[in-house]
Amino acid sequence: GLRTLQRSRTMHTLVVQAARADPRGESSHVDLVLRLMHLLCEGHNMKIQNFLRHQPRSARSVDMISATAHYVDAVTHYISPAYVNEVTTAMFAIAEFIQNPCRQNQRVLVDTRLCACANEILELKPQHSYVQVPSLDMTEKEYGRAINRLKAATATALLSLLECVDQSYIPERMLASLDANQLIDNMNQLLRLYHPAFLKRLLASYEEGEIELQHVRKHLHRDWLAEDEEDDIDTDAEMVAQHYYITYITLAEFDSSGLLNRSITPAHIWDLENLRHKVGIIEISRRGVLEKAYFIIPEVCWYLTKA
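All of these numbers come straight from a predicted model, not from anything done at the bench.

Following both chains from N to C, one finds helix H3 (residues 30–40) and helix H6 (residues 84–98) inclined at 20°, their axes separated by 9 Å at the closest point. Comparing their axes, H6 and H3 come out roughly parallel. Where H3 crosses over H6, the handedness of that crossing is left-handed. Where H3 approaches H6, its residues Asp31, Leu34, Arg35, Met37 and His38 are matched on the opposing element by Asn85, Glu86, Thr89, Ala90, Phe92, Ala93, Glu96 and Phe97. Its residues assigned to classes, the contact of H3 with H6 shows six nonpolar, three polar and four charged.

Structure, rendered in structure tokens:
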């Protein structure tokens, strides 16, 4: 009876039903709930950000911040065309839970498996998880773009965790879960989408022995670039690469081993010069503490002379 119904509506059951395109999962309103929480926190609403984590006047407080991270943890293994958009919504919501920054939410989320899930998402290859779903009209190419949007949302969430960090606890927790090489690999892969001509020139220079490159076997071979790739430029892909770059260099500042700093070279990050040119940094004083904040330089400011 009631107990059986409750068991059938557990988080894990909903996730598996959706991943398998089970029609019974279509009644789930996870996407709408996540979007509502996202909108409640819009405009850096600190009161709502804290309230979603803890309701002080409630007999039973519910931590919706951690619950969202647990949801991502439960669904990551089942990402497919049936569920990729819901996970993307969750990642954008998580970013909004933190941006301000809300220090308590940053700390709560970094103690979940969110960063480990981010690592898995960054490793995703669309061709390995694509399945045809009768109720969804999503081609393999559209699914590839959906995966790129998910990775962009994941990068935004990671950046939010690092927003104006002034202590090593959060970056150290992230470094323990994240594979920094995945950030580099994703930066390099995105060149295919926003600057394929540069990637082809890079390949030619590498094959002629003019330059040294790392991670070549993974990404750089002639079959990797389709002939019509230059006709299908993704203008948003460069911004995603910039988010990965900011995440990487912020983590590098707190990497005591120095390994991350040693990889900030054109041999590892192939578009390093362009990324450096389009990412700026300012210092913000909060209650007497000086904090660094990276930002993407608007296109209108690219040609301003440096002070």
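Once that is clear, we can look at the nonpolar core. Ranked by size, the top nonpolar core spans 77 residues in total, and within it Ile79, Met91, Ile94, Phe97, Met174 and Tyr248 carry the most contacts. Top contributing element to this core by residue count: helix H10 (residues 140–161), with eleven residues. Leaving out residues up to four positions away in the same chain, Phe97 has contacts with Met37, His38, Cys41, Gln49, Leu52, Ile65, Thr68, Cys102 and Asn105.

Our next topic: unusual backbone geometry. A cis amide bond links Asn100 to the next residue, Pro101, at an omega of 0°. Along the chain, Pro101 turns up in the loop between H6 and helix H7 (103–110). A positive phi is found at His44, a non-glycine position, where the angle reads about 55°. Position of His44 relative to the elements: it lies in the loop between H3 and helix H4 (46–53). Take His44: its relative accessible area is 39%, and that puts it in the partly exposed class.

The next subject is the side chain of His268. Summarising the element assignment, His268 is placed in the loop between helix H16 (259–262) and helix H17 (272–278). Here Thr265 takes part through its side chain, which lies 2.9 Å from a polar atom of the side chain of His268. Each residue touching His268, except ones within four places of it in the same chain, is listed here: Ile184, Asn188, Gln214, His215, Arg262 and Ser263.

Mean pLDDT over the protein chain: 84, with 85% of residues reaching 70 or higher. When mean pLDDT is taken per element in the protein chain, H4 scores highest with 96 and helix H1 (residues 2–8) scores lowest with 45. Counting interchain partners and residues more than four positions distant, the pLDDT-below-50 stretch residues 1–9 has six contacts. For residues 21–25, every residue scores under 50 in pLDDT, and the model assigns this stretch five contacts once sequence neighbours within four places are set aside.

Counting across every chain of the model gives two aromatic pairs. Summarising the aromatic geometry, the rings of Tyr71 and Tyr83 are spaced 6.5 Å apart at their centres and angled 55° between planes, so their arrangement reads as tilted. Here Tyr71, found in helix H5 (residues 64–75), pairs with Tyr83, found in the loop between H5 and H6; they are twelve residues apart in sequence, far enough to count as distant. Residue Tyr71 shares its accessibility class with Tyr83, and that shared class is buried. Ring geometry for Tyr130 versus Tyr143: centroids 5.7 Å apart, planes at 45°, classification tilted. Placement of the pair is Tyr130 in the loop between helix H9 (126–129) and H10 and Tyr143 in helix H10, with a sequence separation of 13 residues.

It is worth spelling out the pairing of strand S1 (residues 279–286) at this point. With eight bridges connecting them, S1 and strand S2 (residues 289–296) associate as antiparallel partners. Residue pairing for S2: Ile282 is matched across the bridge by Ala293. The hairpin turn running from S1 into S2, its antiparallel successor, is two residues long, and Arg287 in that turn takes a positive phi close to 50°.

Next up on the list: H6. Under the 1.5 Å per step criterion, the end-to-end length of H6 is 22 Å for 15 residues, consistent within 8% with the ideal 21 Å. Counted residue by residue, H6 has twelve buried out of 15 residues, so it is predominantly covered. Listed in full, the buried residues belonging to H6 are Val84, Val87, Thr88, Thr89, Ala90, Met91, Ala93, Ile94, Ala95, Glu96, Phe97 and Ile98.

A few words on the layout of surface pockets. A volume near 510 Å³ is recorded for the second largest pocket. For the second largest pocket, the lining is made up of 20 residues, of which Leu159, Ser160, Glu163, Ile246 and Tyr294 are closest to its centre. Elements with a contribution of two residues or more to the lining of the second largest pocket: H10, helix H15 (237–253), S1 and S2.

Conventions used here
Residues numbered from 1 in each chain as written. Predicted model: local features only at pLDDT ≥ 70, side-chain atom pairs only at ≥ 80, totals over all residues. Heavy atoms only, no water. Axes fitted to C-alpha atoms, helices over the stretch in contact; angles between N-to-C directions. Helix = DSSP H or I, 4+ residues; strand = E, 2+ residues; numbered from the N terminus. Parallel < 35°, antiparallel > 145°, perpendicular 65-115°, else oblique. Left-handed = near helix turned anticlockwise from the far one by under 90°. Contact = heavy atoms within 4.5 Å. Nonpolar A, V, L, I, M, F, W, Y, C, P; charged D, E, K, R; others polar. Core = buried A, V, L, I, M, F, W, Y, C linked by side-chain atoms within 4.5 Å. Buried < 20%, exposed > 50% of the residue type's maximum accessible area, 1.4 Å probe, protein only. Polar contact = N/O pair within 3.5 Å; in protein donor to acceptor, adjacent residues only side chain to side chain. pLDDT = per-residue confidence, 0-100. Phe/Tyr/Trp six-rings, centres within 6.5 Å; stacked < 30°, edge-to-face > 60°. Pairing = 2+ DSSP bridges. Expected span 1.5 Å × (residues − 1). 1 Å grid on protein atoms, 1.4 Å probe; cavity = no way out; pocket = protein on both sides within 12 Å on 5 of 7 lines; lining within 4 Å. Points joined across faces, edges and corners; volume = space filled by probe spheres on them.

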